[in-house]
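Examining the three-dimensional arrangement
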Amino acid sequence: EAKKTFFTEGKLSALRELALREIAGRVDEDVQEHSDKGIARPWAANDRVMICISPTRPSMRLIRRGWRIAQRMHAEVIAVTVEDRPLNEKERKILQDDFSLANRLGIETVTLKGTIGPELIKYARENNITHVVIGHSDRTRIQEVMQGSIISSLTRELRTIDILVVAADLED
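Scope of this entry: the structure provided in the associated data block. (Residues numbered from 1 in each chain as written. Predicted model: local features only at pLDDT ≥ 70, side-chain atom pairs only at ≥ 80, totals over all residues. Heavy atoms only, no water.)

1. Comments concerning the pattern of salt bridges
According to the stated counting rule, one finds seven salt bridges in the structure shown. Where arginine 48 meets glutamate 76, a salt bridge forms, and the shortest distance between an N and an O atom there is 3.5 Å. Placement of arginine 48 in strand S1 (residues 48–52) and of glutamate 76 in strand S2 (residues 76–83) is noted, with a sequence separation of 28 residues between them. Two residues, aspartate 97 and lysine 93, come together in a salt bridge whose shortest N-O distance is 2.8 Å. Of this pair, aspartate 97 and lysine 93 both sit in helix H4 (residues 89–104), separated by four residues, roughly a single helical turn. A single salt-bridge network, built from bridges that share partners, covers Asp84, Arg85 and Glu91. (Salt bridge = Lys/Arg side-chain N within 4 Å of Asp/Glu carboxyl O. Helix = DSSP H or I, 4+ residues; strand = E, 2+ residues; numbered from the N terminus.)

Below, the structure is given as C-alpha cells:
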C-alpha cells in the first residue's frame, strides 16, 4: 500500500527533473573544463542570464524582468554593469539601489571596467551566457553615430545568444 501512495506520477516527475538538472550541471562543468580547446559558442547545458544594468538610470524593472526569466528557465542569473568613466554621486546611488535589489533576489553582481559594448561581449563569451537582458539605450542618434550603438554591437557579435531589449519605464 505504501508503494502505491509514495511513487505517484507527480513525485516521479519531480525526481526525474532533479536528476536531469544534476546531470546538466555536471555536463556544464565538463564543458567548462574543456572550453580551452576552442569552443567558440556557449553550450546551453545550463542557461545563464546576464542582466545589463546602467548607472545612468534605475534598472529595477530590468532586474526584475531578468530575474523572472531566469526563474522560469531555472537559469543562473548575473547582473553586470560596466564603468566606462568615474561615476558621480547620483550614479553611485542608482547602482547601489540596483545592486541592493539584485542581492535581495539572490542575483550575483559584477562590475567591469572599460568600454561598455566590448566588455559586455567579452564577459558574455567568457562566462557562457545564453541570454542577455538589456534596456533601451539612452544614447542620442548623434552619440550612436560617434560612439556606436551598444545594442547593435551585442546583436552583431553575440549571434548565438538570445538578446531581449526591455522597454523603458513609463516615467522615463
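Structure shown, so let's carry the discussion forward.
2. Things to note about the nonpolar core
Ranked by internal contacts, the top residues of the largest apolar core, which has 19 residues, are Met50, Val80, Leu120, Tyr123, Val132 and Leu154. Mapped by element, the contributors of at least two residues to this core are S1, S2, strand S3 (108–113), helix H5 (116–126), strand S4 (131–135) and helix H7 (150–157). Broken down by element, the residue count for this core peaks at four residues, all from H5. When neighbours within four sequence positions are excluded, tyrosine 123 is seen to be in contact with Met50, Ile78, Val80, Val110, Leu112 and Ile129. Judged by nonpolar contacts, the second largest core, of 18 residues, contains Phe99, Leu101, Ile107 and Val166. (Core = buried A, V, L, I, M, F, W, Y, C linked by side-chain atoms within 4.5 Å. Buried < 20%, exposed > 50% of the residue type's maximum accessible area, 1.4 Å probe, protein only. Contact = heavy atoms within 4.5 Å.)

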